[in-house]
Amino acid sequence: MLQKLHELKEKALQALEMVSDSDELDGWRVGHLGRKSELNSILRNVGQLIPEERPAVGRLANQVKLALEVAYDDKAEALKRQELERALREQRSDVTLPGRPVSVGRLHLSTQTLREIYAIFGAMGFQVYESPDVETDELNFGLLNMPPHHPARDMWDTFWISDEVLLRTHTSPGQIRVMRERYPEPIRVILPGKCYRYEQITARSEHQFYQVEGLAVGHAITMTDLIGTLSEFARRFYGPDRRIRIRGSYFPFTEPSIEADMDCILCGGEGCRVCRYSGWLEVCGAGMVHPVVLRNGGYDPDEWSGFAFGFGVERPAMVKYSIDDIRLFYGNDLRFLRQF
Ligand SMILES: [Zn+2]
């Protein structure tokens, strides 16, 4: 019987060597340590042996049982470690894979266009002067030579906040602000910013848009300086071959007033859909600063003269990038905005 127990132990340990996963280990435990195992039946039947054999068989059977249990625990531990190592190996992070790209924002097309405009006028000696979006009636109209009865007010449909306060319809109130601040220095500034008009929104007009105004005030400023400045801007913004055409116009705050056109950048003057078959594109409204406006800014029109011009920011971008609907600028559609 003792011999049999030794053999049983050897066989069990050999079988344990062959176990390679936790299912097999379970099977081994049932077979060698379970209720129906040979070892268990020996232990159960020790009482039926002859008395001389009982102590030695009982002791050895218990030692074998303990040895198998210890071997089982060790094996279970080793298997667990192996499985963990395999899992780590199989699901290993590949540190050479490229990371997920961080999505980086970009400047809005209007902002990009504004910055381009700043750079061009900056090179010509113009500073950027910013003034408020919310203005008084006096600054938006009155001091710009449009007293309350003036019919030219009808040129701008206005968002009123109260009887005296409004959202500026143009950047021109900045002219009065900068003149009052800088007098008696000569002035060369551009006044960029958002303007608001109570208008039907269509492919060609928005109720909000950017405008850039220019103002130069000095002792001997003439129309020639104005035309030279506008031509230089057109060439730097649209390309070196651009030509400018001047037409007479009317604005309450300039005298004389002009409008500047540029030969169409798409057809070169031949006529196309973008220039509506005229060969010319409107660049801006401009003129010599009206004596009343100069005086309202604090400058004596007998000693000082100046020019002013103003143009939208979205329109030039639309021409440059062939965008046919101004609503895209404020539609917040990233598919559109990511193209620039
Ligand atoms: Zn054209």
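Residues numbered from 1 in each chain as written. Predicted model: local features only at pLDDT ≥ 70, side-chain atom pairs only at ≥ 80, totals over all residues. Heavy atoms only, no water.

This brings us to the overall build of the protein. Scanning the protein from terminus to terminus reveals 11 helices and 9 strands. Based on the C-alpha atoms only, the size of the protein along its principal axes is roughly 140 × 50 × 40 Å. Taking the intrachain contacts of the protein between residues at least 6 apart in sequence as the baseline, contacts between residues at least 24 apart amount to 67%. For the protein, the computed accessible surface area is about 19,400 Å², with 50% contributed by carbon and sulfur atoms. (Helix = DSSP H or I, 4+ residues; strand = E, 2+ residues; numbered from the N terminus. Contact = heavy atoms within 4.5 Å. Areas by Shrake-Rupley, 256 points an atom, 1.4 Å probe, with all protein chains shown as cover.)

With that settled, consider the pattern of salt bridges. As enumerated under the stated definition, the model contains 13 salt bridges in all. Here Asp-261 and Arg-247 are joined by a salt bridge, their closest N and O atoms 2.7 Å apart. With a gap of 14 residues between them, Asp-261 in strand 7 (residues 254–263) and Arg-247 in strand 6 (residues 244–249) connect regions that are remote in the sequence. By relative accessible area, Arg-247 is classed as partly exposed at 30%. Salt-bridge contacts for Asp-333 lead to Arg-335; the nearest nitrogen and oxygen are separated by 2.8 Å. Judged by its relative accessible area of 27%, Asp-333 is partly exposed. For Arg-335, a relative accessible area of 65% translates into the label exposed. One continuous salt-bridge network, built from bridges that share partners, spans Arg-245, Arg-247, Glu-259 and Asp-261. (Salt bridge = Lys/Arg side-chain N within 4 Å of Asp/Glu carboxyl O. Buried < 20%, exposed > 50% of the residue type's maximum accessible area, 1.4 Å probe, protein only.)

A separate point is helix 1 (residues 2–18). Compared with the 24 Å implied by 1.5 Å per residue over 17 residues, the 25 Å span of helix 1 between its first and last C-alpha is a close match. Along helix 1, the residues that are buried comprise Leu-5, Leu-8, Ala-12 and Leu-16. Along the axis of helix 1, the buried positions cluster into a sector of 70°, meaning they face one direction only. With respect to the buried face of helix 1, the exposed residues turned more than 90 degrees away are Gln-3, Lys-11, Gln-14, Glu-17 and Met-18. Of the surrounding secondary structure, the elements contacted by the buried residues of helix 1 are helix 2 (22–33), helix 3 (38–44) and helix 4 (54–90). (Expected span 1.5 Å × (residues − 1). Arc of directions from axis to C-beta.)

At the metal site, the zinc ion is ligated by Cys-264 (SG), Cys-267 (SG), Cys-272 (SG) and Cys-275 (SG), and these contacts range over 2.2 to 2.3 Å. Taken together, the 4 donor atoms surrounding the zinc ion define angles of 105 to 117° at the centre, an arrangement classified as tetrahedral. (Donors = N, O, S within 2.8 Å, 3.2 Å for Na, K, Ca; no water. Tetrahedral: all angles 85-135°; square planar, octahedral: opposite > 155°, others 65-115°.)

This part takes up the sheet that holds strand 8 (residues 280–289). Within a sheet, adjacent strands bond to each other through the backbone by hydrogen bonds, running parallel or antiparallel. An order of 1-4-5-9-8-7-6 is seen for the 7 strands of this open sheet, with the pairing classed as mixed. Taken across any chain shown, the strands that pair with only one partner, and hence form the sheet edges, are strand 1 (127–128) and strand 6. Examined bridge by bridge, strand 6 and strand 7 share 6 bridges and lie antiparallel to one another. Residue pairing in the sheet places Arg-245 in a bridge with Asp-261 of strand 7. Taken strand by strand, helix 7 (residues 173–182) contacts strand 1, strand 4 (187–196), strand 5 (208–218) and strand 9 (305–312), and its axis lies near 145° from that of strand 4. (Pairing = 2+ DSSP bridges. Axes fitted to C-alpha atoms, helices over the stretch in contact; angles between N-to-C directions.)

Under the domain assignment used here, the protein contains domain 1 (2–90) and domain 2 (109–337). Its C-alpha centre places domain 1 at a distance of 95 Å from the equivalent point of domain 2. (Domains from an automatic or database assignment.)

So, on to the pairing of strand 4. In regular strands, side chains alternate between the two faces of the sheet. Strand 4 sits mainly inside the fold: 9 of its 10 residues count as buried. As defined by bridge partners, strand 1 adjoins strand 4 across 2 bridges and the pair is classed as parallel. Bridge pairing in strand 4 links Val-128 to Ile-190. As paired elements, strand 4 and strand 5 share 10 bridges and run antiparallel to each other. Across the sheet, Pro-192 pairs through a bridge with Val-212, a residue of strand 5.

Here we come to the environment of Arg-153. With respect to the helices and strands, the residue Arg-153 is situated in the loop between helix 6 (137–140) and strand 3 (165–167). Among the residues examined, Arg-153 registers a relative accessible area of 13% and is labelled buried. C-alpha of Arg-153 to C-alpha of Asn-332: the two residues are 179 residues apart in sequence and 32 Å apart in space. When near neighbours in sequence (up to four residues on either side) are disregarded, Arg-153 contacts Asp-137, Phe-141, Gly-142, Met-146, Pro-147, Pro-148 and Trp-160.

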